[in-house]
Amino acid sequence: MTSNHEPERFMRRAIDLSRIHMEAGEGGPFGAVVVKAGAIVGEGWNRVTSGLDPTAHAEVVAIRQACANLGTFELRGCDIFTSCEPCPMCLGAIYWARLDRIWYANGRADAAAIRFDDEWLYREVALPLSERSLPALQLLRDEAQNVFQAWVAKVDKIPY
């Protein structure tokens, strides 16, 4: 980042996106921007209800747009600015995208105060599979292992 005021400028954009699109009825009050070398390369806002997509959180949308704009599946060298501390799904996406840093405005307690409470999910994913409220049943592992072994042997794969 080139100046001490740059982070505030990018966070204000994320907050503006959250307000604009929440007021337009497109989803919850969440916005995010991905920044590389002092420029916004991806923007997102919550589109869960308008897009009928439970994965269309602001951070995921911004990551998808940044990857498309940069022509890559990873975002090393980029930061994400989000109007709220990322939920577990978004946090996972941020790690998978290999972003360098997360900047956030509202915290998870602030989100819980307006009935966006992700705390149960943070607790749930920390539990062993057998103790989670959503049953997870393993099936046909041997058949699936064949595909994994084919991946290991594949000479033209693109690792990530």
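The following paragraphs examine the structure supplied in this document. Model, not experiment: these values are computed from the prediction. (Residues numbered from 1 in each chain as written. Predicted model: local features only at pLDDT ≥ 70, side-chain atom pairs only at ≥ 80, totals over all residues. Heavy atoms only, no water.)

Summed over all chains, the structure comprises nine salt bridges. Among the salt bridges present, the one from Glu 43 reaches Arg 13, with a minimum N-O distance of 2.7 Å. Placement of the pair is Glu 43 in strand 2 (residues 39-45) and Arg 13 in helix 1 (residues 6-23), with a sequence separation of 30 residues. Assessed through its relative accessible area of 28%, Arg 13 is described here as partly exposed. For Arg 108, the salt bridge is made with Glu 85, and the minimal N-O distance between the two is 3.3 Å. Taken together, the residues span a long stretch of sequence, with Arg 108 in helix 4 (residues 108-113) and Glu 85 in the loop between strand 3 (78-84) and helix 3 (88-97) at a distance of 23 residues. Connected via shared salt-bridge partners are Glu 85, Arg 108 and Glu 119. (Salt bridge = Lys/Arg side-chain N within 4 Å of Asp/Glu carboxyl O. Helix = DSSP H or I, 4+ residues; strand = E, 2+ residues; numbered from the N terminus. Buried < 20%, exposed > 50% of the residue type's maximum accessible area, 1.4 Å probe, protein only.)

One open sheet accounts for four strands, arranged 2-1-3-4; its pairing is mixed. The two strands at the open ends of the sheet, each matched to only one other strand, are strand 2 and strand 4 (101-106). Between one strand axis and the next, the sheet turns through 15° on average, direction left out of account. Note: strand 1 (residues 31-36) against strand 2, six bridges, orientation antiparallel. Note that in strand 2 the partner of Gly 31 across the bridge is Trp 45. Each of strand 1, strand 2 and strand 3 is contacted by helix 2 (residues 58-70), which is oriented at about 140° to strand 2, the strand it contacts most. (Pairing = 2+ DSSP bridges. Axes fitted to C-alpha atoms, helices over the stretch in contact; angles between N-to-C directions. Contact = heavy atoms within 4.5 Å.)

Glancing now at unusual backbone geometry. Of note, Ala 37 is a non-glycine position whose phi angle comes to about 50°, a positive value. Take Ala 37: its relative accessible area is 79%, and that puts it in the exposed class.

In an α-helix there are 3.6 residues to a turn, and that puts residues three or four apart on one side. Along helix 3, the residues that are buried comprise Pro 88, Cys 90, Ile 94 and Ala 97. If you follow the buried residues of helix 3, they end up packed against helix 2, strand 3, strand 4 and helix 5 (119-126). Downstream of helix 3 by one or two residues, Arg 98 has phi in the positive range, about 65°.

It is worth spelling out the pairing of strand 1 at this point. Consecutive side chains of a regular strand alternate in pointing toward one face of the sheet and then the other. Counting buried residues in strand 1 gives five out of six residues, a clear majority hidden from the surface. What sits between strand 1 and strand 2 in their antiparallel hairpin is a turn of two residues, with Ala 37 showing a positive phi close to 50°. As judged from the five bridges shared by strand 1 and strand 3, these two strands associate in the antiparallel manner. If you follow Val 35 over to strand 3, its bridge partner there is Asp 79.

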